[in-house]
Structure formats: C-alpha cells, structure tokens
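# Coordinate analysis (summary)
What follows is the residue order along each chain.
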Amino acid sequence: MQNLIQAQRNFFNSNATKDIKFRKQQLKKLFNVLKDNEQLMYDAIYTDFKKSAFDTYSTELALVYSDIKEAIKKVDDWASIKNRPTNLLNLPAISYVIPEPLGVSLVIGAWNYPYQLSFAPAVSAIVAGCTVILKPSEIPENTSKTIAKIINSNFDSDFFKVVEGGIEETTELLKEKFDKIFFTGSTAVGKIVYQAAAKHLTPVTLELGGKSPAFITPNANLKIAAKRLIWSKFLNAGQTCIAPDYLLVHKSIKDDFLNLLKIEIENSHFDTKNGNYVQIVNKRNVERLIKLIDKEKVYIGGNYDIEKRLIAPTILDDVNFEDSIMEEEIFGPILPIIYYDNLEETIAKVKEMPKPLSCYVFTKNKTSKNKILSEISFGGGCVNEAVMHLSNPNFGFGGVGESGMGSYHGEEGFKAFSHFKSILDKPTWIEPNIKYYPHTPLKLKLLKFFFRFN
Ligand code: NAD
C-alpha cells in the first residue's frame, strides 16, 4: 500500500497529471475502456444482485459517460487561470486564481450503485489532475472484481489503481497520508473516515445517507405524485441513497393517495424477471429490513424470501415519527407513510431529525413549496419529482450535516479535487511606501482613505 501511494506521489510530482492533454487522454481512455467492457459489467452486477442491463446503463453508466464527456469538454475552462479584480490598496497589480490538483486521492465507494459511485468520483479526480486509488465496495464481490480487472489491466498503477478489500484493507489504507479522500457510504463509516483523515489534515468529501422525506400536500397532482414516487422508491429495490425514505401525506388525501400508490405498484409488475426489481444485496440486509416491517401496518406487500434475498414492495400505513422504522435510513423497498395535519408542525418535526440528503415536495401550492424548501436544510431535491435532480449535469450533488459534506459531478467535482491558489502579481516599477516604517499621521490618513468603511 505504502509503495503504491509513494509511486503515485512520485508520478504526481513529475507534473504529468497537470498537463490538460494528459487528463483528456485518460478520460477518453476511461470512456473507451468502460464501453468495451459493458457486457462484463452487466454480467457481474446481475450475478451480484440481479440488476438488469437497462437499470445498470440508465442509473450508473450513462451518468459516468455523461460526466466524462462533460469533463473533456470543459476541462480547459475549469483548469484555466481566472482573473479577479484588484482592490485599490494593491494597485498597480493583477490578481488571479490558479487551480491546482490536490495530489494523490483515495476514492472509497458504496455498494448500491457500485459502478457509478466508483467511476464518477474517479472522473472528478482525473479531470482535476489527481492520481487515484479506488477502493470499491467489497459487498457486491463480482462487481468489485470486475472494476479492479477493467481498471488495473488498462491503467498504469502509478496513476489509477483499484485496490479491493473490506473493512480491514480500508482501515489500512486510511492510516496512510492522502491529499484527498472522497468517501461514499453510511454516516457511521463517514465519521471513521473523517477521523482518519483528520490525523493527516486531509480534506474530505463525504457523500453519506439519511432519511429523505417526501411531502404530498392536499392539492398535489396525486396521480403523477404516486407514479413518480413508486418508481423512485422501488428503483434498485429502495437501495438508493436519495430514494424517498418516507412519505408525509396530508390527512385529507389519505384514501385517494393510498389507492393510487397501490395501483402504481400493481401496474409496475416489480419483478427481477421483468428487469425492474433487484435483490437485496446480502442476507444481513434482508434480515435488517424485515425487522422493520410492522405487520400491523402493512398496507401492501410485506412478504419476503430470505434465501432469494427478495422483499416485495411494501407500504406501511399510518406510521408515527416514534416508530422504529423512523430511527434510521431504510435503504430498502419499504415505504412508510406518516399522515400530517399541520405543515408547520411537520416541518418542525423533520428539522429535529438529522439533515437529510434529499427532500421532495409534491404540491401546486407555492407557499407550501417555498416554506418546505427554505425552512428544511437538506442536500438537494425536487419539486413534483423525486431522485431525478441527480441526473441534471448542471448540478453539484452532495449532502449537508449528517448527510455529508462537499459535492461533485461536473465543475463541482473538479473543485472537490482542486485547490485554488490566489496570486497577487505586482510590478516593480513603483513602490508606494505607506506600509513601511516610520508611520506618520499622513500615512495614517492615507491608510484610512484606502480602508474607508462608510
Ligand atoms: P458503508 O459505509 O457500510 O460502506 C462504504 C465503504 O466503506 C465500503 O467501501 C466499505 O468497504 C467501507 N467501510 C465499511 N466499514 C468500514 C470501516 N469500519 N472502516 C473503513 N471502511 C469501511 O456503506 P454502504 O453499505 O456501502 O452504503 C450504504 C450507505 O451509503 C447508505 O447510508 C447510503 O445512503 C449511502 N450512500 C450515499 C450516497 C451519496 O452519494 N450520498 C450514495 C450511495 C450510498
């Protein structure tokens, strides 16, 4: 591990990655390598949790390809030196900011979208000019092996290397000094990573999880809300960091909305055979999830097969904030519904909880929309939609508070792996001597002129 990091540091110090042409070449290479190995990736992820080629392309690879294309197109601009105005005190001079890559980076991925969560941060690192050590999640083991095979057989390890492993290997990696750590995973492990990074004062981006609420107000388009919520919740069998974790539905629309949710579930024909449903990633998670199903509250679903690692799309009706399912992120195909009467009180309840990664508002009411969007702190979200904000390449993506720090994709990703050096560049043909000793009353007067605060 130490040899690998040292080799990457030497390569970084050779300045090779600072060359924009090099970054573009590597990004193009990554694009082609992924394209050439698509079938291998589909096969691996299907073996791990029966994810279809359609879902793998739409929710993972398309996003990575889009990030690569955007990075190649924009890197000249992002990496260019940007001028800033010079204040009166410093004239004559020019001021500018030089972006520089942070150096050797460590990217740690989560298992739920293993390709996207490994390759998208790697794209951000490469476009910024960093070297990359990528540690994908070990849980979908075929996927992890495939990622390692594809990258390690095509890239020079001094620049981009996949290191496989679980807690033990990651703990070893985290003892070493990196110039940037980019972590995607749970809030609990995020704290471990942050502490390890603090020992070396390594900057981190933490892409964590949380309980993302979806509000449905009385005058929302209920049919559309039900359709979009059922799709976004049961995509990847609910194993999505920005999935609506629970619904906050106004009491007055209870029966109509429940019925629409049921129709949507039935119409969707969720089944691994239909390619629109996946297995729960491992037995441990199946067992964790079935403990959360309160049989008394099951409105639809509730059945499961532990051996096949499948849980039917489940809706729990009339849940309270105090129920155990509200204690932690569900991360599975169980959707609890809480009914509310008073929007202010409900917002206050959500604000007592850890800051969510996302928040969704289904409404036609501008006042309710603005209230929810402005009063609750969350990573990002949608109005009358769920999950899709991630697919807009013009947004940065990240959490806040317990759901993470920092953001990435597009220029935000470039910034996450960069430092911006501020440079004041002065000519030598003039040397005003106000700052030099001796300090006279006239100099004080001039100083007050430059620093006047009216
Ligand atoms: P996890 O925290 O268990 O694991 C993430 C990574 O950390 C893995 O690579 C794993 O090997 C490593 N790891 C696990 N325990 C460790 C330890 N004790 N020390 C060092 N490394 C350790 O998360 P997960 O189960 O893979 O993913 C689920 C979580 O990730 C959910 O909370 C989800 O919301 C979150 N998530 C967030 C995003 C996002 O973009 N914000 C995306 C996907 C998932």
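Our subject in this report is the structure included herewith. All figures in this text were calculated on a predicted structure; none of them were measured in a lab.

This part takes up the pairing of strand E8 (residues 213-216). One face of the sheet, then the other: side chains in a regular strand alternate in exactly this way. Every second residue of E8 is oriented toward a common face, with Pro213 and Phe215 on one face and Ala214 and Ile216 on the other, all of them buried. Bridge analysis of E8 against strand E9 (residues 246-250) gives 4 bridges, and the strand direction is parallel. If you follow Ala214 over to E9, its bridge partner there is Leu247. The handedness of the E8 to E9 crossover, carried by helix H9 (residues 222-234), is right-handed. Pairing between E8 and strand E15 (residues 358-362): 3 bridges, direction parallel.

Right, let's talk about the nonpolar core for a bit. Phe160, Ile216, Leu247 and Phe257 are the most contacted members of the largest nonpolar core, which has 118 residues in total. The element contributing the most residues to this core is helix H5 (residues 114-128), with 10 residues. Formed jointly, this core draws a minimum of three residues from each of two domains, domain 1 (2-208 + 403-419) and domain 2 (213-394). Once residues within four sequence positions are removed from consideration, Phe160 is found in contact with Gln8, Leu30, Ala122, Ile126, Val132, Leu134, Ile151, Asn152 and Phe155. With 18 residues, the next largest nonpolar core counts Leu4, Leu106, Ile133 and Ile181 among its residues.

Two numbers describe how helix H4 (residues 53-78) lies on H5: the axes approach to 9 Å, and their chain directions differ by 5 degrees. Accordingly, the angle class assigned to the pair H4 and H5 is roughly parallel. For the pair H4 and H5, the contacting residues are Thr56, Thr59, Glu60, Leu61, Leu63, Val64, Asp67, Ile68, Ala71, Val75 and Trp78 in the first and Pro114, Tyr115, Gln116, Phe119, Ala120, Val123 and Val127 in the second. Looking at the contact of H4 with H5, its residues break down into 13 nonpolar, 3 polar and 2 charged.

This brings us to the sheet that holds strand E18 (residues 418-425). The strand order across the open sheet built from 3 strands is E1-E2-E18, with neighbouring strands paired in antiparallel fashion. Two strands bound the open sheet, and with one partner strand each, they are strand E1 (82-84) and E18. Adjacent strand axes in the sheet meet at a mean angle of 30 degrees, parallel and antiparallel pairs treated alike. In the sheet, strand E2 (residues 94-101) pairs with E18 via 8 bridges, with the strands oriented antiparallel. When the sheet's bridge partners are listed, Ser95 is paired in E18 with Leu424.

Moving on, we come to the pairing of strand E4 (residues 131-135). Here E4 lies mainly inside the structure; 5 of its 5 residues are buried. Of the two faces of E4, both are covered, the one formed by Thr131, Ile133 and Lys135 as well as the one formed by Val132 and Leu134. Pairing of strand E3 (residues 104-108) with E4, which is carried by 5 bridges, proceeds in the parallel orientation. When the bridges of E4 are listed, Val107 appears paired with Leu134. When E4 meets strand E5 (residues 160-162), the two strands line up parallel, connected through 3 bridges. Bridge pairing in E5 places Ile133 opposite Lys161. Viewed along the sheet, the connection from E4 through helix H6 (residues 141-152) into E5 turns out right-handed.

Basis of the calculations
Residues numbered from 1 in each chain as written. Predicted model: local features only at pLDDT ≥ 70, side-chain atom pairs only at ≥ 80, totals over all residues. Heavy atoms only, no water. Buried < 20%, exposed > 50% of the residue type's maximum accessible area, 1.4 Å probe, protein only. Helix = DSSP H or I, 4+ residues; strand = E, 2+ residues; numbered from the N terminus. Pairing = 2+ DSSP bridges. Right-handed = clockwise from strand over helix to strand, strands pointing away. Core = buried A, V, L, I, M, F, W, Y, C linked by side-chain atoms within 4.5 Å. Domains from an automatic or database assignment. Contact = heavy atoms within 4.5 Å. Axes fitted to C-alpha atoms, helices over the stretch in contact; angles between N-to-C directions. Parallel < 35°, antiparallel > 145°, perpendicular 65-115°, else oblique. Nonpolar A, V, L, I, M, F, W, Y, C, P; charged D, E, K, R; others polar.

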